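# Close look at the chain arrangement
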Amino acid sequence: MKLADYLFQRLHQLGVKSMHGVPGDFNLTLLDYVQPNNLLWVGNANELNAAYAADGYARLTGLGALVTTFGVGELSAINAIAGAYAERVPVVHIVGIPTRAQINGRALVHHTFCDGEFGRFSDMAARVTAAQTRLLDARVACDEIDRVIATCMRESRPVYIEVPVDMVGAEVDGSALKSPITISDAIPSSNVDAALEKILAKVKEAKKPMILIDGETRPMDMIKGVEDIMKATNWPTFTTCFGKGLVDETVANFHGINMGAFDLQERQDFIKDVDLVFSYGPHNSWTNTHAYTSIPNPEITIAFQDTKLIIGGDIIRDVPVKVITDRLLESFAAGSFKKYDTYPTISRDYAIPYSDVSDNDILAQDRLWHVMANFLRPNDVLLAETGTPGYGAREMPLPKGVRLFNPATWLSIGYMLPATQGAALARRDQSASGEDARTILLIGDGSFQMTAQELGTIVAHNLDVVVFLINNAGYTIERCIHGREQAYNDVADWRYLEAPKFFGAKEDTFTARAKTYGELKNILQDKRMSDGKGLRMVEIMLDKDDAPRGPLVGLMAKQKGT
Ligand code: TPP
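Residues numbered from 1 in each chain as written. Predicted model: local features only at pLDDT ≥ 70, side-chain atom pairs only at ≥ 80, totals over all residues. Heavy atoms only, no water.

Where an unreviewed UniProt entry is consulted, the protein chain appears under the name Pyruvate decarboxylase, with the organism given as Emericellopsis atlantica.

Structural data, given as structure tokens:
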């Protein structure tokens, strides 16, 4: 078979049904193989957006891919690829590069620095990907593809594959396709028994245990296992910003995000007395841990990572998280765990019923997100961009099955709009019936201006997307840190609701603007919004100095001082 057929069939076999990217003369022949191998070609507006979209796709399906062209294309994508590395997203970045003859002959082709050097871009990619390969030899090309893709899946980080133009149609032995790539759990060592004993001893002693679910639970492929632990123990369960939206948040022992020193006092009081924390998939960046204040005390923490445990600060290696979690669930089922005699009183995220807000009240961040929460329904995908929407979404109660994308560490603004495209497509590709699920984006005006073109891709593929655009006249979150009145925190005053039509949506596409709760309520309850198809867009007008409650303002003040 041809090399390109092998590459795309392998990806298809692993669940990639759509290929993001942008054409260029070094990848055109490669792209000829996309559709014949049953992959939908998405065709993004630019490569940065394509990589953000592939990332959004991968967070839901477990693997995403994009094709870009040499130099100019791949470098546009590199910010997004770096973000995927930081937040552990398995994205395969395929780059069409010049022929082997051009590379060996140091030809002075375009998209180079005209110095015959062809390794600079792959050097850059190597810093932000977990594995790389340049397919130069047909005899080992399939093994190389499999090695790199397996690393992508195992580490849940992006990888980089260069395909020279003259290798696209090279004949390869594709027999390896008969065996799917699988990532086995690490082989359990004798450490597992010792670890289990230690954990159970801690569990027995504990009087006030809790669970903290962080975002690396997703790349560890432990969403179901952690949910089972949460349900089996009935211990109070919190998440980080990165971890919210992974497990069923409707159960009674789920209490939303632990905001550390910026949380409500009653919650801080409960957490301060906890004597055991099961911490799944910790990801301790400043932004994800409320300025490090929500990281539990290591002395009382059992941190579950891919293949190691950290118990009271001591590392126990070669303890695969799936294996130890299954063993724990067995022990818990047999009754060996601490139950709360009286379940503690700890607040939960809440929605404000429509009837509790007066129609004439002007929209403001203190109640907005709690009212918007009424719009959500099971299995929606919700994306909340860096900026005030990212903070707002942290307080929204999520119905069962809702996945949330919330800023954790990379925080590259503009990410969430293309990621919305990728997530919406992922939901469609995954759905057995071909039915769309709603994908809902909350995004500030400043972030929207970064990658607005991707509305065109959403329209072109008729994706079921609702955009809530927060118009607060610029970079409000930056105003909170510094430069409240400075013009550098203003953005151009776009006519946002004209965007859908400009980007190709039909004349009757639903758009609306809200300044008051009365207007917002009508919009949210309008069937064309809630049950419509395709793109819908709502502009929410807020004061430029208005920010969500305590945590944001407090954190920003802290950032300013550090
Ligand atoms: N450029 C990138 C690519 N990423 C960034 N994080 C920044 C700049 C710095 N930055 C962080 S938040 C932000 C900026 C410029 C402003 C976001 O403003 P907006 O989307 O309008 O949301 P708001 O806070 O106003 O609601």
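This part is about empty space enclosed by the protein. Counted according to the given criterion, the structure contains 6 cavities of 30 Å³ or more. Of the voids in this model, the largest cavity is the one considered here, and its volume is about 140 Å³. Every residue lining the largest cavity is counted, 17 residues in all, and those nearest its centre are Arg-59, Glu-87, Trp-410, Leu-411 and Tyr-415. Elements with a minimum of two residues in the lining of the largest cavity: α3 (47–61) and α4 (72–86). Taken together, the residues of the lining of the largest cavity break down into 9 nonpolar, 4 polar and 4 charged. No fewer than three residues from each of domain 1 (3–178) and domain 3 (354–560) sit in the lining of the largest cavity. Around the second largest cavity, the lining residues are Arg-59, Gly-215, Arg-218, Cys-241, Phe-242, Lys-244, Leu-246, Arg-403, Leu-404, Phe-405 and Asn-406. Ranked by the residues each element gives to the lining of the second largest cavity, the list is headed by strand β15 (residues 403–405), at 3 residues. Looking at the lining of the second largest cavity residue by residue, the class counts come to 5 nonpolar, 2 polar and 4 charged. Taken together, domain 2 (191–333) and domain 3 (354–560) each give at least three residues to the lining of the second largest cavity, which thus spans both. (1 Å grid on protein atoms, 1.4 Å probe; cavity = no way out; pocket = protein on both sides within 12 Å on 5 of 7 lines; lining within 4 Å. Points joined across faces, edges and corners; volume = space filled by probe spheres on them. Helix = DSSP H or I, 4+ residues; strand = E, 2+ residues; numbered from the N terminus. Nonpolar A, V, L, I, M, F, W, Y, C, P; charged D, E, K, R; others polar. Domains from an automatic or database assignment.)

Moving on, we get to the packing of aromatic side chains. The description of two aromatic rings rests on the distance between their centres and on the angle between their planes. Tallying each qualifying case throughout the model produces 17 aromatic pairs. A centroid spacing of 6.4 Å and a plane angle of 25 degrees characterise the contact between Phe-278 and Phe-332, whose relative ring orientation is stacked. You can see Phe-278 sitting in strand β10 (residues 276–280) and its partner Phe-332 sitting in helix α11 (residues 321–333), a full 54 residues away along the chain. The two residues Phe-278 and Phe-332 agree in class, both being buried. When the centroid spacing of 5.1 Å and the interplanar angle of 85 degrees are considered together, the rings of Phe-502 and Phe-503 count as edge-to-face. On the basis of relative accessible area, Phe-502 is assigned to the exposed category, the value being 68%. Of the residues examined, Phe-503 reaches a relative accessible area of 22% and is grouped as partly exposed. A connected cluster of aromatic rings, assembled from ring pairs, spans Phe-26, Phe-70, Phe-113, Phe-118 and Phe-121. (Phe/Tyr/Trp six-rings, centres within 6.5 Å; stacked < 30°, edge-to-face > 60°. Buried < 20%, exposed > 50% of the residue type's maximum accessible area, 1.4 Å probe, protein only.)

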